[in-house]
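# Per-entry structural report
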Amino acid sequence: MLQTDVLIIGAGAAGLMCAATAAARGRRVLVLDHANKAGKKILMSGGGRCNFTNLYCEPNNFLSGNPHFCKSALARFTQWDFIGLVAKHGVPYHEKKLGQLFCDNKSSDILELLLAECAEAGAQIRLDTAVHSIEKTAGGFLLQSDLGEVACQSLVIATGGLSIPTLGATGFGYQVAKQFGHELLPTRAGLVPFTLTDPQLKTLCTELSGTSVEDCRVSCNGQSFVENILFTHRGLSGPAILQISSYWQPGDTVHIDLLPHIDLPEWLATQQHERGNSELKTLLAELFTKKMANLLVDSWFANKPLKQYTPGELKAIAERLSDWQLVPAGTEGYRTAEVTLGGVNTDEVSSKTMESLKVPGLYFIGEVLDVTGHLGGFNFQWAWASGYAAAQYV
Ligand code: FAD
């Protein structure tokens, strides 16, 4: 029978950070993962360049049933700590925008950094290894796995969320939580594109597929983001849409201000005064692409020279462009979602140690917990911070 101090299930972002840090404290650490490669999501992340943290990371960049839960861990391992690690390994990086830090080269730089830290500290990683059962014992836990029996003092669940099953995502962490009497908050896909079924909307999106509009304000349920939106064959995507999807529930209306930086009533009034013979399509083509201006006008307004619009009609045009309201049919779901909202209820986990308040020795870190970051490097920062926090106590 294998024996170890700390057994971590999941060799993803949180599991590897926890493994390296706990091993550096002198703990014997074994990481098991059923996948054939560690850190598959890290490799896929940030379009292949891993947006590994955010310069402006703060607790209000996270969604959770308990918004205070993430504060302690985030304060004890900050974005600057991870940036220090990146610098130590000589990984070149840059800020893309909004504080988002990306690798200059490849995401594998971040995975290699974590694997190097694990190797240096002596943490063992076994891939292609499934865990079949877990039992609580007097001294810790006994697991049945593809390696046979494994006994450990501390058991860390770092199996992530349900997003992208083809990258190894499973509901295993939730099952373990349930087995040990933990409450699970309902899970749903987050940071995910919207799908549309309304025929007129769908045609608009299909026609404009591949077109992005910069700096739209997208709002829902009292939250808004100003970022790009992207039209797709299935509906809407792009950073602003992904962000708001985490706040959206089926049936909710999403509000899109396509031109938040322009005072539209004033702009339209000026155009009417100065260029009254120009058609609406021609004028809107100065704010959008020509194709988009044509399609928007064909779908929403009558096209005529601006001088022919009544004040009421101009007001309606301004309102439509600054508050396009739509009810998505749904989201693309876990197949393409970057994260899973919900998960292990943080009320039953210590925010200091990530240890279960129900079962001593059992820890939950990373995305399996009900803590979900905004788009922009925040989810990795949560993985690093929660992994580091648990590593101090396992
Ligand atoms: P994961 O990294 O998902 O690791 C979980 C590990 O557990 C996996 O290795 C998995 O194989 C293993 N596992 C699962 N079930 C079992 C089981 N039954 N037995 C054994 N092992 C198991 N976040 C950012 O901050 N920046 C980005 O640029 C970014 N880009 C992303 C791009 C994509 C396409 C996706 C899907 C996500 C992206 N994210 C990004 C989110 C980020 O990847 C996750 O939030 C983060 O990886 C969560 O870390 P984790 O360690 O909790 O889980």
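Cut-offs and rules
- Residues numbered from 1 in each chain as written.
- Predicted model: local features only at pLDDT ≥ 70, side-chain atom pairs only at ≥ 80, totals over all residues.
- Heavy atoms only, no water.
- Near = heavy atom within 4 Å.
- Polar contact = N/O pair within 3.5 Å; in protein donor to acceptor, adjacent residues only side chain to side chain.
- Areas by Shrake-Rupley, 256 points an atom, 1.4 Å probe, with all protein chains shown as cover.
- Helix = DSSP H or I, 4+ residues; strand = E, 2+ residues; numbered from the N terminus.
- Nonpolar A, V, L, I, M, F, W, Y, C, P; charged D, E, K, R; others polar.
- Pairing = 2+ DSSP bridges.
- Contact = heavy atoms within 4.5 Å.
- Axes fitted to C-alpha atoms, helices over the stretch in contact; angles between N-to-C directions.
- UniProt positions renumbered as here; feature names shortened; annotations may be inferred.
- Buried < 20%, exposed > 50% of the residue type's maximum accessible area, 1.4 Å probe, protein only.

Before going further, it helps to spend a moment on the site of the ligand. In the region of the ligand, 29 residues are neighbours, and Ala-14, Asp-33, Thr-170, Glu-367 and Phe-380 sit closest. Here Gly-46 contributes a backbone N or O atom positioned 3.1 Å from an oxygen atom of the ligand. Between Asn-379 and the ligand, the recorded distance is 3.3 Å, taken from a backbone N or O atom to an oxygen atom. Bound to the protein, the ligand loses 93% of the 1000 Å² it would expose on its own. Broken down by secondary-structure element, the contributors of at least two residues to the shell around the ligand are helix 1 (13–24) and helix 13 (378–391). When residues of the shell around the ligand are assigned to their parent elements, the largest contribution, 4 residues, is made by helix 13. Taken together, the residues that form the shell around the ligand break down as 12 nonpolar, 13 polar and 4 charged.

Here the focus is the sheet that holds strand 14 (residues 223–231). The strand order 17-16-13-14-15-12-18 describes an open sheet built from 7 strands, whose pairing is antiparallel. Of all strands in the sheet, those with a lone pairing partner are strand 17 (324–326) and strand 18 (330–331), marking the two edges. In this structure, strand 12 (residues 194–195) lies alongside strand 15 (residues 235–237), joined through 2 bridges in antiparallel fashion. Within strand 15, the position partnered with Phe-194 by the bridge is Leu-236. Against the sheet, helix 12 (residues 311–322) engages strand 16 (254–257) and strand 17, with an angle of about 115° to strand 16.

Sequence positions flagged by UniProt for "domain: RsdA/BaiN/AoA(So)-like insert" (unreviewed entry) are, in local numbering, residues 188–339. Spanning residues 188–339, this segment combines 36% helix with 24% strand, and its end C-alpha atoms are found 9 Å apart.

Per the UniProt entry, the sites bearing "domain: RsdA/BaiN/AoA(So)-like Rossmann fold-like" (unreviewed entry) are residues 5–392 in this numbering. Helix makes up 32% of residues 5–392 and strand 25%. Its end C-alpha atoms lie 13 Å apart.

One open sheet accounts for 3 strands, arranged 3-6-5; its pairing is antiparallel. Edge positions in the open sheet fall to strand 3 (51–54) and strand 5 (93–95), since each of these has one partner strand only. Each adjacent strand pair in this sheet contributes to an overall mean axis angle of 30°, direction not counted. Relative to strand 6 (residues 100–103), strand 5 is paired through 3 bridges, and the arrangement is antiparallel.

Position of Val-371 relative to the elements: it lies in the loop between strand 20 (362–364) and strand 21 (372–373). Looking at Val-371, the relative accessible area reads 1%, which means it is buried. Measuring from C-alpha to C-alpha, the distance between Val-371 and Phe-62 comes to 6.4 Å, with 309 residues separating the pair along the chain. Those residues in contact with Val-371, other than ones at most four positions away along the chain, are Phe-62, Leu-63, Ser-64, Phe-69, Cys-70, Thr-346 and Trp-382.

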